[in-house]
There are 2 protein chains.
Amino acid sequence: MASTASPRPRVLIIGSGFGGLFAAQALKRADVDVTVVARTSHHLFQPLLYQVATGILSPGEIAPPTREVLSRQRNAEVLLGEVIEIDLAAREVHTDTLGLRRRHRYDHLIVAAGTNQSWFGHDEFADYAPGMKSIDDALELRGRIFGAYELAELAAAEGRSAEELSRLMTFVVIGAGPTGVEMAGQLAELARRTLRRDFRHIDPENARVILLDAAPTVLGTFHESLRGKAERSLEQLGIQVRLGAMVVGVDAYGLDVEDTDGNRGRIEAFTKVWAAGVAASPLAKVLADQVGLQVDKQGRIPVERDLTLPGHPEVHVIGDMMALDNLPGVAQVAIQGGRHAAAEIRRALRGERTGQPFHYKDKGNMATISRFRAIAEVGRIKVTGFTAWVMWLVVHLLYIIGFKSQVTTLLRWAVSFIGRGRAERTITQQQVLARLALQETPDVHRWLATGPTEHPEDSRPPRRRE
Amino acid sequence: MASTASPRPRVLIIGSGFGGLFAAQALKRADVDVTVVARTSHHLFQPLLYQVATGILSPGEIAPPTREVLSRQRNAEVLLGEVIEIDLAAREVHTDTLGLRRRHRYDHLIVAAGTNQSWFGHDEFADYAPGMKSIDDALELRGRIFGAYELAELAAAEGRSAEELSRLMTFVVIGAGPTGVEMAGQLAELARRTLRRDFRHIDPENARVILLDAAPTVLGTFHESLRGKAERSLEQLGIQVRLGAMVVGVDAYGLDVEDTDGNRGRIEAFTKVWAAGVAASPLAKVLADQVGLQVDKQGRIPVERDLTLPGHPEVHVIGDMMALDNLPGVAQVAIQGGRHAAAEIRRALRGERTGQPFHYKDKGNMATISRFRAIAEVGRIKVTGFTAWVMWLVVHLLYIIGFKSQVTTLLRWAVSFIGRGRAERTITQQQVLARLALQETPDVHRWLATGPTEHPEDSRPPRRRE
């Protein structure tokens, strides 16, 4: 394990998302050493994160270890670490892993660090309305969602007031993009189908699911006709869609919203999910500062048409971090960007002309609303309902199988779409007791500990209706 | 949801393990209201916990929500809460849920709170050698096990010393009962099969797995001939079995052991798993104090032959918490005890004679060592190797299917036993970064931050051997 200087060029890739992983794979046959540095040890199939949060899939099904995905690619290594500095002049990246600092020299650099959740300058909202960007987020939300029903059952057994019960059984999703819509749809399904028979003191069907957005429409990136259909589908599922509603405050008990006329309102809700905004990794600014550029308002850095950093043909910035032609922050942009960067590097290695412009091929756009309902647009073709849902299913299955054979995922979907079961509802103590208790204790505690009756009579469980 | 006094007797069950759940199910047709109070919202199939820790199964596969298991049982309700007091005179149980105190009256009480991990009076060991009793434990260990390989890869890339690498790649399991043996076997399989191709700077096959026990033999509850075979199987897997070795100290770097002659030795190891001892729930002592009894050295309370608490025919204590005829702490004792208690309650309701003695029917004993290898004894019949492993597979599948149809589990097993993949290796930030970093930061930090070289040359990944 002694170090020897390598004669081969080193391609350093920051990030193990779609962009980083596809770039690494596209360099499989290139005469380079590839190092992927990422702050998690797994690749994350983000489009299905909401299914982990709502108990359909387990983390392992959407987050394979990056080193397992790349295990057969001989020229690639994977190292765990958070990038804390990119030194363009020295061609070095500095990482930190549990306090261990390290420098990595590179000949080519691909920066694909993606985005983080953004609470639009209100990071204090995060404790009460966790985001939807990581496995940890999804498990945290799983604990809160199923935990809210547990608390509601207890509160009902205690004979608490209707207001308190309603607060416990109100779920608010902030942000009506694809993630928010999918989350709201699943929350409705949980209430109406999955949990239907599981409680004795509450009726999960009384749960309220509210989908909020400051914009005047749901799924703003889709064609108008599809947006209308999506909104009606959501309402048919019993979801309250409130548009033009900006969140101005979030606390343990609910949130404050302001409409477009500046009128304020209050929604009492125990569980809040933040699916509203993202901001590019701070590494975009680290790069921008060194080349005298400004990041845009989503924190993205402008790149050349060939996806390189201006003045640095050895550095590509791809995916959600880059600003180019207003391309959306979707998996396909990252995947195609990763492949483009890899192709450019291969050309450079062969001494061919580089600097070819990136042409994004829009393969279409889709979002599921609930089982059997989705919307999709491919070019000018617009599809809704069951057909769109089957398209969604096929596309997502193909992706997952691309990384590893996941027959189990198909089976879990069969169980959850055809049946009403969910295999992955387990919540850990860490989530329910430690996190909910430690983070929200003062509030939850105070609120739950002061009630109408201190030692109510035990109530007989009401008979479940058939 | 108004409370009305119930004319039906209330059976309160503490615990949602094998004992509590089988007791509840055995009361399905009885004219009673059943309340199951437990501190987790899931039943836990403990015998497979080691598979969650080592990445084969997801939590949902061995921990179905208790209320889902009982959803079709109309006379049963499930409430989340930790029992903090049992008042035998008032026939009341006091619970605490996130600070919410509640009293539950009962006509019949079944106490099935099981055991907790015991570090034999050394609770300070727990931070460094987590137990194996809960989903949280298993996920914590999953994070530490896979995290140790990540750290080892980094350390090797840094050119750290052989001693430091060896410490990171040494896994010690303390306790050579079935849990410890299964855990050690899986750790060996991880190193030899699962992770074989995943690293570039370390060779996982160099990992050391050490199985320690203070006793002179592995699997003490099995017949001598089987024990010998098990020990040889473990050694064939490359596991170092060290018997007669008592752990006298555990820290971030390793552990101190003392042999039967009082000689001390040191084992350098980053990852330690505590599978050594259990102690009955403190509720055993709560009960014992009220009836003037003493708990035994495992904290268990002596019960009458009909499993009732002496002087309290309305209270049954079942499973791992009770001391009777030196019955072992296995699932079958809890299951049969739960059914016996339920049968006694049904007899009492019908006005029939109660107080029938509990007869434990020993259905046999089995332990897996690794895939395709197990030992089993049923009465005088002793089976080893592949046949025993198939028996193990069938018995465990039947149990799991008893709670819910888990076709996915069978598939995951196919993937992991026939192939070399593991579907559930995902570790959360919470586990690797938060827990490992926060709990062990001072040590890990200091150790990793001070190395032979502060900014070593990047080393070229060694070519992977085929």
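Since this is a predicted model, take the numbers as computed values, not measurements. (Residues numbered from 1 in each chain as written. Chains lettered and ligands numbered in written order. Predicted model: local features only at pLDDT ≥ 70, side-chain atom pairs only at ≥ 80, totals over all residues.)

### Examining unusual backbone geometry
Despite not being glycine, Leu219(A) shows a phi value in the positive range, around 45 degrees. Tracing the chain through its elements places Leu219(A) in the loop between β10 (208-212) and α8 (224-236). In this structure, Arg91(B) takes a positive phi of about 55 degrees despite not being glycine. In this fold, Arg91(B) is placed in the loop between β4 (82-87) and β5 (92-97). (Helix = DSSP H or I, 4+ residues; strand = E, 2+ residues; numbered from the N terminus.)

### Examining the nonpolar core
In this structure, Val111(B) and Val317(B) are the most contacted members of the largest nonpolar core, which totals 139 residues. Ranked by residues supplied to this core, first place goes to helix α5 (residues 135-157) of chain A with 14 residues. Once you skip the residues sitting within four places of it in the chain, Val111(B) turns out to touch Ile14(B), Leu283(B), Leu287(B), Val315(B), Val317(B) and Met321(B). Judged by nonpolar contacts, the second largest core, of 137 residues, contains Ile13(A), Ile174(B), Ala191(B) and Ile202(B). (Core = buried A, V, L, I, M, F, W, Y, C linked by C-beta atoms within 7 Å. Buried ≥ 20, exposed ≤ 12 C-beta atoms within 10 Å, placed from the backbone. Contact = placed C-beta atoms within 7 Å.)

### Here we look at the confidence of the model for chain A
All names here are of chain A. Residue-level pLDDT values for chain A average 86, and 84% of them are 70 or greater. Contacts from residues 430-466, a stretch scored under 50 in pLDDT, to residues over four places away or in other chains number 62 contacts. The ipTM for the predicted assembly is 0.87, set against a pTM of 0.88. (pLDDT = per-residue confidence, 0-100.)

### Brief notes about the sheet that holds strand β2 (residues 33-38) of chain B
Residue and element names in this part refer to chain B. A sheet is described by the order of its strands in space; here six strands give the open sequence β3-β2-β1-β7-β19-β18, paired in mixed fashion. The sheet is open, and its two borders are formed by β3 (76-80) and β18 (308-309), each paired with just one other strand. Pairing of β2 with β3, which is carried by five bridges, proceeds in the parallel orientation. Following the sheet pairing, Ala 38 is matched in β3 by Leu 80. (Pairing = 2+ DSSP bridges.)

### Focus: the environment of Asp306(B)
Residues and elements named next belong to chain B. Within the secondary structure, Asp 306 sits in the loop between β17 (301-302) and β18. Measuring from C-alpha to C-alpha, the distance between Asp 306 and Asp 203 comes to 56 Å, with 103 residues separating the pair along the chain. With residues near it in sequence (within four places) discarded, Asp 306 still touches Glu 344, Gly 355, Gln 356, Pro 357 and Phe 358.

### Focus on the packing of helix α1 (residues 18-26) of chain B against helix α10 (residues 331-349) of chain B
Residues and elements named next belong to chain B. Packing of α1 against α10 leaves a shortest axis separation of 7 Å and a crossing angle of 35 degrees. For α1 against α10, the interelement crossing comes out right-handed. Residues Phe 18, Gly 19, Gly 20, Phe 22, Ala 23 and Ala 26 of α1 form the contact with α10, whose participating residues are Ala 331, Ala 334, Ile 335, Gly 337, Gly 338, Arg 339, Ala 341, Ala 342 and Ala 343. (Axes fitted to C-alpha atoms, helices over the stretch in contact; angles between N-to-C directions. Left-handed = near helix turned anticlockwise from the far one by under 90°.)

### Digging into the domain arrangement of chain A
Residue and element names in this part refer to chain A. Its domain assignment divides chain A into domain 1 (10-114 + 281-349) and domain 2 (123-276). Computed from C-alpha coordinates alone, the two centres of domain 1 and domain 2 are separated by 33 Å. Residue-level contacts link 10 residues of domain 1 with 14 residues of domain 2. For the side of domain 1 that touches domain 2, the leading source of residues is helix α2 (residues 49-53), giving four residues. (Domains from an automatic or database assignment.)

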